[in-house]
Amino acid sequence: MSGVDVNLVLRSTRVVTPEGTRPAAVAVAGGTIDAVLPYDADVPAGARLEDFGDDVLLPGLVDTHVHVNDPGRTEWEGFWTATRAAAAGGITTLLDMPLNSLPPTTTVDHLRTKQQVAAPKAHVDTGFWGGAIPSNVKDLRPLYEAGVFGFKCFLSPSGVEEFPELDQEQLARSMAEIAGFGGLLIVHAEDPHHLADAPQRPGPAYADFLASRPRDAENTAIEGLIAHAKRLNARVHVLHLSSCDALPLIAAAKREGVRVTVESCPHFLTLTAEEVPDGATEFKCCPPIREAANQDTLWAGLADGTIDCIVSDHSPCTTDLKTPDFATAWGGISSLQLGLPAIWTEARRRGHTLDDVARWMSAAPAELAGLTRKGAIEAGRDADFAVLAPEATFTVDPAELFHRNQVTAYAGKTLHGVVRSSWLRGVRISSDGVLAEPTGRLLERDR
């Protein structure tokens, strides 16, 4: 151990480290992991011991895709409720998306407004993406210098008028500007022409909604995005991949050295089109939940590394906006508190381990955002942890969720994995659903 005074030791027979899961004792000093020690290591004098028995000690999850909607649409969500839900679900760091709040995070002034709102409410560490829209190329570098982690854009309408999409010329211009200062562009990749050409049949039938968001819209948009990134040597990230057809394109681009990464989401990996009842718009999201065979191939893409990470795309709304008509209902899945058990339930069924889950939901998102102190249980990282009882089960009751609006596509599902507690820099912030006062910090990109 270092010369720093260790004040806390966390012990478990199952500690998930970058080298694998093993019995260990994790020594914490000043909010930082000081050392990962043998299970039976002596506890330093004056240090408190927390022994979790056979519950698993995971690195705190990092969710880089959360729509907090605060300020401006706080009836949809907010930093207080979103970060409480995150903490209850084992997430200790989140990055807030630049849209659905008013104002959107498209200028430095707008970023400062959001930071002021978030600071007293954050139960977990919180950072911010900037937005790339047609009118703000001049604002991108100042936003980057102000600490945003990168920039989000849409290639098709976002659903809110204050955050318009980029056409191909605007995409190239923004991408070139961001590449010029070494930034990251994260992209909602659906081609507007394919969407316009798809059949549009309003009503409660999920099959009609699915037909309105075809795989070709994703595939074409991703193909174009890769071409731009290759030409400009830009770093790009594909958000919420749902079409498995795009995986060969992405894998080929990675082999060629194109700097592209990809995420998918719990709803694409655990829910299927076949199970969505007509009128059940709590399942609506864009791109959509697709068929079971498509899901199987997404899991194969995770297993072979084509898909880098799993993040929530938590995009809540008020209950009244989830009308029974898939054409008019707000599109977004509320899952912030449930992502870890949802993914673990399906991962274990498919033969994956909690080492895999920690890589997909903690290490890889931290690496994506450049969060060098997050994402792993190893010396020098922040002492952020989730304690999970992986064999325990629970049935999802929306009334027990901390999201502001307790609407979820997971209602009534029985899931494996109960989050016993969450820890942020060595402080327990959630314990069996009881939340501490907010101690989250506002994060800026590591310079």
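Since the model is a prediction, treat every value here as computed from it, not as a measurement.

The rules behind the values
- Residues numbered from 1 in each chain as written.
- Predicted model: local features only at pLDDT ≥ 70, side-chain atom pairs only at ≥ 80, totals over all residues.
- Heavy atoms only, no water.
- Helix = DSSP H or I, 4+ residues; strand = E, 2+ residues; numbered from the N terminus.
- Rg over C-alpha atoms; globule rule 2.2 N^0.38 Å.
- Buried < 20%, exposed > 50% of the residue type's maximum accessible area, 1.4 Å probe, protein only.
- Contact = heavy atoms within 4.5 Å.
- Areas by Shrake-Rupley, 256 points an atom, 1.4 Å probe, with all protein chains shown as cover.
- Lys, Arg positive; Asp, Glu negative; His and termini not counted.
- Charge placed at Lys NZ, Arg CZ, Asp CG, Glu CD.
- Pairing = 2+ DSSP bridges.
- Salt bridge = Lys/Arg side-chain N within 4 Å of Asp/Glu carboxyl O.
- Polar contact = N/O pair within 3.5 Å; in protein donor to acceptor, adjacent residues only side chain to side chain.
- Axes fitted to C-alpha atoms, helices over the stretch in contact; angles between N-to-C directions.
- Parallel < 35°, antiparallel > 145°, perpendicular 65-115°, else oblique.
- Left-handed = near helix turned anticlockwise from the far one by under 90°.
- Nonpolar A, V, L, I, M, F, W, Y, C, P; charged D, E, K, R; others polar.
- Arc of directions from axis to C-beta.

Asker: Would you take a moment to explain the overall build of the protein chain for this structure?
Answerer: Each helix and strand in the protein chain was counted, giving 12 helices and 18 strands. Over its C-alpha trace the protein chain gives a radius of gyration of 21 Å, about what one expects of a compact globule, namely 22 Å for 447 residues. Projected onto the principal axes, the alpha-carbon positions of the protein chain cover approximately 70 × 45 × 45 Å. Counting over 447 residues, the protein chain shows a buried share of 60%. Put simply, of all contacts in the protein chain between residues at least 6 apart along the chain, 74% involve residues at least 24 apart. Accessible area for the protein chain stands at about 15,900 Å²; split by element, carbon and sulfur atoms hold 51% of it. The centroid of the 40 positive side-chain charges in the protein chain is displaced by 3 Å from the centroid of its 59 negative side-chain charges.

Asker: What should I look at first to understand the pairing of strand S11 (residues 184–188) in this one?
Answerer: Regular strands place their side chains on alternate faces of the sheet. Of all five residues in S11, five are buried, a share of seventy percent or more. Of the two faces of S11, the one holding Leu 184, Ile 186 and His 188 and the one holding Leu 185 and Val 187 are both buried throughout. Two strands pair when backbone bridges link them, and strand S10 (residues 151–154) and S11 are joined in this way by four bridges, in the parallel orientation. If you follow Phe 154 over to S11, its bridge partner there is His 188.

Asker: Can you help me understand the side chain of Asp 63 in this one?
Answerer: Structurally, the position occupied by Asp 63 is in strand S6 (residues 61–66). There is no salt bridge for the buried Asp 63, and the closest opposite charge comes from Lys 152, which lies 11 Å off by N-O distance. Here the side chain of Asp 63 touches His 65 through a polar contact of 3.1 Å, landing on its backbone nitrogen. Among the polar contacts made by the side chain of Asp 63, one reaches the side chain of Ser 312 at a distance of 2.6 Å. Setting aside chain neighbours within four positions, we find Asp 63 in contact with Ile 91, Thr 93, Leu 94, Leu 95, Val 311, Ser 312 and Leu 336.

Asker: Please clarify how the environment of Glu 19 should be interpreted in this entry.
Answerer: Here Glu 19 is to be found in the loop between strand S1 (8–17) and strand S2 (20–29). Given the relative accessible area of 64%, Glu 19 is considered exposed. Separated by 358 residues in sequence, Glu 19 and Ile 377 place their C-alpha atoms 9.7 Å apart.

Asker: So what exactly am I meant to see when it comes to the side chain of Lys 114 here?
Answerer: Within the secondary structure, Lys 114 sits in helix H2 (residues 108–118). In this structure the side chain of Lys 114 is engaged in a polar contact, spanning 2.7 Å, whose partner is the side chain of Asp 96. Sequence-distant contacts of Lys 114, defined by excluding residues within four places in its chain, comprise Asp 70, Pro 71, Phe 79, Asp 96, Met 97, Pro 98, Ser 101, Thr 105 and Phe 128.

Asker: Explanation requested: the packing of helix H11 (residues 339–349) against helix H12 (residues 354–369) in the structure shown.
Answerer: The relative placement of two packed helices comes down to the angle between their axes together with the axis-to-axis distance. Where H11 meets H12, the closest approach of the two axes is 10 Å, and the angle between their N-to-C directions is 135°. Comparing their axes, H12 and H11 come out oblique. Judged by the twist between their axes, the crossing of H11 over H12 is right-handed. Contact with H11, carried on its side by Gly 339, Leu 340, Ile 343, Trp 344 and Ala 347, involves Leu 354, Val 357 and Met 361 of H12 and no other residues of that element. Of the residues belonging to the contact of H11 with H12, the class tally is seven nonpolar, one polar and no charged.

Asker: What is the right way to look at unusual backbone geometry in this model?
Answerer: Across residues other than glycine, the phi torsion is negative in most instances, and most of the peptide bonds are trans. Here the amide bond leading from Leu 102 into Pro 103 is cis, since omega sits at 10°, within 30 degrees of zero. Locating Pro 103 in the fold gives a position in the loop between strand S7 (91–96) and H2. Non-glycine residue Asn 69 carries a positive phi angle of around 70°. As for its placement among the helices and strands, Asn 69 is situated in the loop between S6 and helix H1 (79–88). A positive phi is found at His 240, a non-glycine position, where the angle reads about 35°. Along the chain, His 240 turns up in the loop between strand S12 (235–238) and helix H8 (247–255). The exposure class assigned to His 240 is buried, which follows from its relative accessible area of 2%.

Asker: Just to check I follow, could you spell out the packing of helix H3 (residues 137–145) against helix H4 (residues 168–180) for this structure?
Answerer: Close contact between H3 and H4 brings their axes to 10 Å; oriented N to C, the two are set at 30°. The angle between H3 and H4 falls in the class roughly parallel. Classified by chirality, the crossing of H4 by H3 is right-handed. Residue-level contacts link Val 137, Leu 140 and Arg 141 of H3 to Arg 173, Ser 174, Glu 177, Ile 178 and Gly 180 of H4. Taken together, the residues of the contact of H3 with H4 sort by class into three nonpolar, two polar and three charged.

Asker: Help me understand H2 in this model?
Answerer: The periodicity of an α-helix, 3.6 residues per turn, causes residues three or four places apart in sequence to face the same way. Looking at H2, one finds that the buried residues are Leu 111, Lys 114, Gln 115 and Ala 118. One face of H2 carries all of its buried residues, which in axial projection span an arc of 100°. Away from the buried face of H2 by more than 90 degrees, exposed residues Asp 109 and Gln 116 are located. On the buried face of H2, the contacting elements are H1, S7, strand S8 (125–128) and H3.

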